[in-house]
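Coordinate analysis (summary)
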Amino acid sequence: MTVRVLRADGRAAAPWKNGGGLTREVAAAPDGAGTADFAWRVSLADVAREGPFSRFEGVDRVITLVDGPGMVLTVDGSAHTVAERYAPFAFPGDADTDCRLLGGPLVDFNVMTRRGRAGARVEILRGRVALPAPAGATLLVVVLEGSALLEAAATALGRFDVLDTTGVAALVTLTGAAGTL
């Protein structure tokens, strides 16, 4: 059973797999995994221009708009508008996916899981929330807006900070919105 706080300060930006933008990895498993061998990966991405998304064979993705006017994702020829903040959108990472911006740059929250190795459920939460952590499962709370307080440890979390727990329940008070998985 573990509880870690992963601070946003100092999180390194890295170019996308296809070179079209920047990503900041929040957490991944196993520790030290790269884009080719992760079981799951959570990141925040700065999207400044339109174009194709990187393909990730055998990977499922959930993308959530955090800041900006949104985008239209064309996934295997079908257009999907992603313009509502904090509304997760799931799609296969190995689909042909193209992005058209709806008026300017944006930031998105991205969760990727490798089929057959991991799964994720993305929820957006607000208020005072008791978060169970099933045995052996990892629970991440990413503060997308405002702040949060991990009550048992009296630990404050700022925007884009992360609470990472494995097998431990947590009582968290959110003053904004957080994505959990």
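Above this text you will find the structure in question.
Residues numbered from 1 in each chain as written. Predicted model: local features only at pLDDT ≥ 70, side-chain atom pairs only at ≥ 80, totals over all residues. Heavy atoms only, no water.

Moving on, we come to the sheet that holds strand 6 (residues 59-67). Strand order in the open sheet formed by six strands is 2-3-4-11-6-9, and the pairing between neighbours is antiparallel. Of all the strands in the sheet, the pair left with one neighbour each is strand 2 (13-15) and strand 9 (89-92). Neighbour-to-neighbour, the strand axes of this sheet turn through a mean angle of 30°, independent of strand direction. As judged from the seven bridges shared by strand 3 (residues 22-29) and strand 4 (residues 40-47), these two strands associate in the antiparallel manner. The residue of strand 4 that forms the bridge with Ala27 is Val42. (Pairing = 2+ DSSP bridges. Helix = DSSP H or I, 4+ residues; strand = E, 2+ residues; numbered from the N terminus. Axes fitted to C-alpha atoms, helices over the stretch in contact; angles between N-to-C directions.)

The tally for this structure, following the rule as stated, stands at three aromatic pairs. Ring centres 6.3 Å apart and planes at 55° place the aromatic pair Phe38 and Phe56 in the tilted group. Placement of Phe38 in the loop between strand 3 and strand 4 and of Phe56 in the loop between strand 5 (51-52) and strand 6 is noted, with a sequence separation of 18 residues between them. Accessibility assignment for this pair places Phe38 and Phe56 in one class, buried. An angle of 20° between the planes, with centres 5.6 Å apart, marks the rings of Phe89 and Phe91 as stacked. Judged on exposure class, the residue Phe89 and its partner Phe91 are both buried. Taken together, Phe53, Phe89 and Phe91 form an aromatic cluster joined through their ring pairs. The lysine or arginine in question, Arg114, covers the ring of Phe38, its NZ or CZ lying 4.4 Å from the ring centre. (Phe/Tyr/Trp six-rings, centres within 6.5 Å; stacked < 30°, edge-to-face > 60°. Buried < 20%, exposed > 50% of the residue type's maximum accessible area, 1.4 Å probe, protein only. Lys NZ or Arg CZ within 6 Å of the ring centre and 35° of its normal.)

Turning to the pattern of salt bridges, a few remarks are in order. One pass over the full model with this rule turns up 12 salt bridges. Residue Arg115 pairs with Asp60 through a salt bridge whose shortest N-O separation is 2.9 Å. Here Arg115 is found in the loop between strand 11 (106-114) and strand 12 (123-131), whereas its partner Asp60 is found in strand 6, with 55 residues between them in sequence. On the accessibility criterion, Arg115 (37% relative accessible area) is partly exposed. Of the charged contacts, one joins Glu145 and Arg85 as a salt bridge, the two residues approaching to 3.2 Å between their closest N and O atoms. With Glu145 in strand 13 (residues 138-145) and Arg85 in the loop between strand 8 (78-82) and strand 9, this residue pair connects regions lying 60 residues apart in the sequence. Among the residues examined, Arg85 registers a relative accessible area of 37% and is labelled partly exposed. Salt bridges here are not isolated pairs; linked through shared partners, they connect Asp67, Arg85, Glu145 and Arg159. (Salt bridge = Lys/Arg side-chain N within 4 Å of Asp/Glu carboxyl O.)

Function cannot be read off these values alone, since they describe shape.
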